[in-house]
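# Commentary on secondary and tertiary structure
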Amino acid sequence: MTKHTSHEIDIVKSDTTKIDAVDFENLTFGRTFTDHMFICDYENDEWQTPKIIPYQPMTMDPSARVFHYGQAVFEGMKAYKDEDGKVWLFRPEDNFNRINKSAARLAMPEFPKDYFMKGLTTLLQMDSAWVKPGKGNSLYIRPFIIATDPAISASPSSNYRFMIICAPAKAYYTGKIRVLIAEEYSRSANGGVGFAKAAGNYAAQFYPTSLAQKKGFQQVIWTDADTHERLEEAGTMNVFFRINDTLITAPLSDRILDGVTRRSIIQLAEDNGIEVQVRPITVTEIKEASKNGSLKEIFGAGTAVVISPISAFEHAEELFELPNIENSYADTLKDKMLSIQHNMAEDKHGWTYQI
Ligand SMILES: Cc1ncc(COP(=O)(O)O)c(C=O)c1O
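Residues numbered from 1 in each chain as written. Predicted model: local features only at pLDDT ≥ 70, side-chain atom pairs only at ≥ 80, totals over all residues. Heavy atoms only, no water.

### Describing the nonpolar core
In terms of nonpolar packing, the biggest core is built from 40 residues, with Phe38, Trp47, Phe116, Ile141, Ile145 and Phe162 touching the most fellow members. Taken together, the elements giving at least two residues each to this core come down to strand E2 (36-43), strand E6 (77-81), strand E7 (87-90), helix H2 (92-105), helix H3 (113-126), strand E8 (138-147) and strand E9 (160-169). (Core = buried A, V, L, I, M, F, W, Y, C linked by side-chain atoms within 4.5 Å. Buried < 20%, exposed > 50% of the residue type's maximum accessible area, 1.4 Å probe, protein only. Helix = DSSP H or I, 4+ residues; strand = E, 2+ residues; numbered from the N terminus.)

If you want it as structure tokens, here you go:
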């Protein structure tokens, strides 16, 4: 762990709130931010005293390395409010561990756990009015670290900034999505940064995803870069396949993000007597399963929507439609996850964390 001096957080409270001007029924995801933000700078080999200040733009030297070399990592997590007005996080330590795993891969200093948890809880206490109750409503939380050194030489920065910003998110039904299986492009490669939440991974997905969208598909199912046979992720989600009554998802590797939702879905499925197989699953296998009727469901899993059911996939210009089934695993598992997240069901694994 990187050393740091143990200070309290310096807090500057906003004199006003923007909340009254926000239409919570018509939120566009990721465009409205709460009243405050958390900042901690890394200078002289140390994380400095963290601050919470009013949400605002910031100035940065145009040569800051983040703009040139993409030395940036981030996280995505959510806070939920229960019917009693209590605010909850879901497995926040997993996000803490993952941002430091990502940071290490991008040669960035690790962020201290006490700063992360104290910063997160203090910020959420200050902006708790922005977390709306109701199943599916949430406050999306975006911690991130960027390289701030003003120097355009291709080497790691000496200075960094860790921040947390928060955006209210509405419960929204996305409907089922249609996906295109990647045959040419890849989101990650062996020995690369696919397992990290590195900003550049997402920029690299935009172009192939836009090509898929032009063909009428919302997302790409990413395959391994060598053979394009192994099914690895769906857009920015982990991916699950149900063949007969078995749920299958790819094993983690340096190409796949270790999703908090994926991990939780595997556990919840097992708790509910659903057989789960974590093993490589191939394009050939799901095409055959689709043809013989044993492929019942495909869904993506991630913090943003918990579970995103897939209605059809295309590969090699051949379209495969999934059946409409009753009591889908996607619906059951999504409901169980949301109930735990909103403190409406027993949390027997100790996943929730009260603010
Ligand atoms: C590439 C990728 N895979 C999977 C996930 C799902 O991870 P989580 O469940 O932790 O949100 C995400 C979203 O964060 C992602 O960006």
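### Notes on unusual backbone geometry
At Asp45, a position not held by glycine, the phi torsion is positive, near 65 degrees. On the secondary structure map, Asp45 appears in the loop between E2 and strand E3 (46-47). Phi is positive for Val306, which is not a glycine, with a value near 70 degrees. Mapped onto the elements of the fold, Val306 is located in strand E17 (residues 306-315). What makes Val306 buried here is its relative accessible area of 5%.

### Regarding the site of the ligand
The local shell around the ligand holds 15 residues, among which Lys197, Tyr202, Glu233, Thr261 and Thr303 are the closest. Here an oxygen atom of the ligand sits 2.8 Å away from a polar atom, N or O, in the main chain of Val260. Protein contacts shield 96% of the accessible area of the ligand, which totals 380 Å² for the unbound molecule. At the level of secondary structure, the elements contributing two or more residues to the shell around the ligand comprise strand E13 (237-243), helix H5 (260-271) and strand E16 (295-302). The residue inventory of the shell around the ligand, partitioned by class, reads 5 nonpolar, 6 polar and 4 charged. (Near = heavy atom within 4 Å. Polar contact = N/O pair within 3.5 Å; in protein donor to acceptor, adjacent residues only side chain to side chain. Areas by Shrake-Rupley, 256 points an atom, 1.4 Å probe, with all protein chains shown as cover. Nonpolar A, V, L, I, M, F, W, Y, C, P; charged D, E, K, R; others polar.)

### With respect to the packing of aromatic side chains
By the definition in use, this model includes 17 aromatic pairs. Arranged with centres 5.9 Å apart and planes meeting at 90 degrees, the rings of Tyr185 and Tyr207 form a pair that is edge-to-face. Taken together, the residues span a long stretch of sequence, with Tyr185 in the loop between strand E10 (177-181) and helix H4 (199-214) and Tyr207 in helix H4 at a distance of 22 residues. It is Lys132 that lies over the ring of Phe24; its NZ or CZ is 4.6 Å from the centre. Over the face of the ring belonging to Tyr329 we find Arg242, whose NZ or CZ atom lies 3.7 Å from the ring centre. (Phe/Tyr/Trp six-rings, centres within 6.5 Å; stacked < 30°, edge-to-face > 60°. Lys NZ or Arg CZ within 6 Å of the ring centre and 35° of its normal.)

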